[in-house]
Amino acid sequence: MARRSASPIVTIDGPSGSGKGTISRAVARHVGWHLLDSGALYRLVALAGLAAGAASEDQQRHAELAARMDVSFGSDPGGGERVWLDGRDVTGEIRSEAAGQGASRVAAWPGVRAALLERQRAFARPPGLVADGRDMGTVVFPGADLKIFLTATPEERALRRHKQLKDKGSDVSLPALSREIAERDLRDQTRQIAPLRPAPDACLIDSTRLEVGAVVARVLELMAARRLWR
Ligand code: C5P
């Protein structure tokens, strides 16, 4: 029987729009564990750079900002998530496509990734952690108890993002969004450091034809099989 660690970790990696965020949040809530939305940290570095007037190609300055930015995650009375950066509420701004594009740019820089490493590892606390990102299973938590790699076809991912943005009142065209997603995929997969790819020991889940509930159920099943939960 697998031994249950005091602070187990489940990593959920995958490309933009694969549903990682939704699934990770639902799984963490279901089992009562902590959640690390690592993409939010890269988005915050991009926003911190804009707020500080840093030149968009200044890697050193962005790495410094990544190391010292003051970040807090919380929720509003309705249960929605809220994010503050250096005391400023950036809840809306952080989810914009511009922040996502900026994040993908700064995420290719080794200094920024190194500056965020310990900050991410500090999220691993009892009773457990669900970590969502691109390199959670490969770099940040290589010893994780369960690694999931979530995929969906590019068409399905663009449709999902489109719906998400539309629900938030953003008017982005589907073809433009598909192009941006393809660009971001390419940059995330081909960068030198921590490229997006499944860990060799990851369980692959293709969510193209699955409802959120079915994916969550599959992850919970895998967790139960490893005695991480229940
Ligand atoms: O997941 P999300 O869309 O919020 O991530 C924004 C960007 O941050 C990604 O496109 C990726 O370039 C970067 N990222 C990363 N490593 C992570 C999480 C996100 O490089 N662990």
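As a reminder, the structure under discussion sits directly above these lines.
Model, not experiment: these values are computed from the prediction.

Using a probe with the size of a water molecule, rolled over the atoms, empty space left in the structure can be pinpointed. Approximately 1200 Å³ is the volume found for the largest pocket. As for the largest pocket, its lining consists of 48 residues, and the residues nearest its centre are Gly21, Thr22, Arg95, Arg161 and Gln164. Only helix H1 (20-31), helix H2 (38-51), helix H4 (97-106), strand S6 (129-133), helix H7 (154-167), helix H8 (174-190) and helix H9 (212-225) provide two or more residues apiece to the lining of the largest pocket. It is H7 that contributes the most residues to the lining of the largest pocket, 7 residues altogether. Its residues assigned to classes, the lining of the largest pocket shows 11 nonpolar, 17 polar and 20 charged. Lining the second largest pocket are Arg25, Arg29, Leu35, Leu36, Asp37, Phe73, Gly74, Ser75, Gly79, Gly80, Glu81 and Phe123. Considered class by class, the residues forming the lining of the second largest pocket number 4 nonpolar, 4 polar and 4 charged.

Quick look at the sheet that holds strand S5 (residues 88-89) now. A sheet is described by the order of its strands in space; here 3 strands give the open sequence S3-S4-S5, paired in antiparallel fashion. The two strands at the open ends of the sheet, each matched to only one other strand, are strand S3 (71-75) and S5. Where strand S4 (residues 81-85) meets S5, 2 bridges bridge the pair, whose relative direction is antiparallel. Bridged to Trp84 within S5 is Asp89.

Should the charged atoms of two oppositely charged side chains come close, the side chains can pair. Summed over the entire model, instances satisfying the criterion amount to 17 salt bridges. For Asp76, the salt bridge identified is with Arg82, shortest N-O distance 3.3 Å. Residue Arg82 is classed as partly exposed on the basis of its relative accessible area of 26%. The closest approach of N and O atoms between Glu97 and Arg184, which form a salt bridge, is 3.8 Å. One end of the pair, Glu97, is in helix H4; the other, Arg184, is in helix H8, with 87 residues separating them in the sequence. The buried category is assigned to Glu97, whose relative accessible area is 11%.

Scoring rules and cut-offs
Residues numbered from 1 in each chain as written. Predicted model: local features only at pLDDT ≥ 70, side-chain atom pairs only at ≥ 80, totals over all residues. Heavy atoms only, no water. 1 Å grid on protein atoms, 1.4 Å probe; cavity = no way out; pocket = protein on both sides within 12 Å on 5 of 7 lines; lining within 4 Å. Points joined across faces, edges and corners; volume = space filled by probe spheres on them. Helix = DSSP H or I, 4+ residues; strand = E, 2+ residues; numbered from the N terminus. Nonpolar A, V, L, I, M, F, W, Y, C, P; charged D, E, K, R; others polar. Pairing = 2+ DSSP bridges. Salt bridge = Lys/Arg side-chain N within 4 Å of Asp/Glu carboxyl O. Buried < 20%, exposed > 50% of the residue type's maximum accessible area, 1.4 Å probe, protein only.

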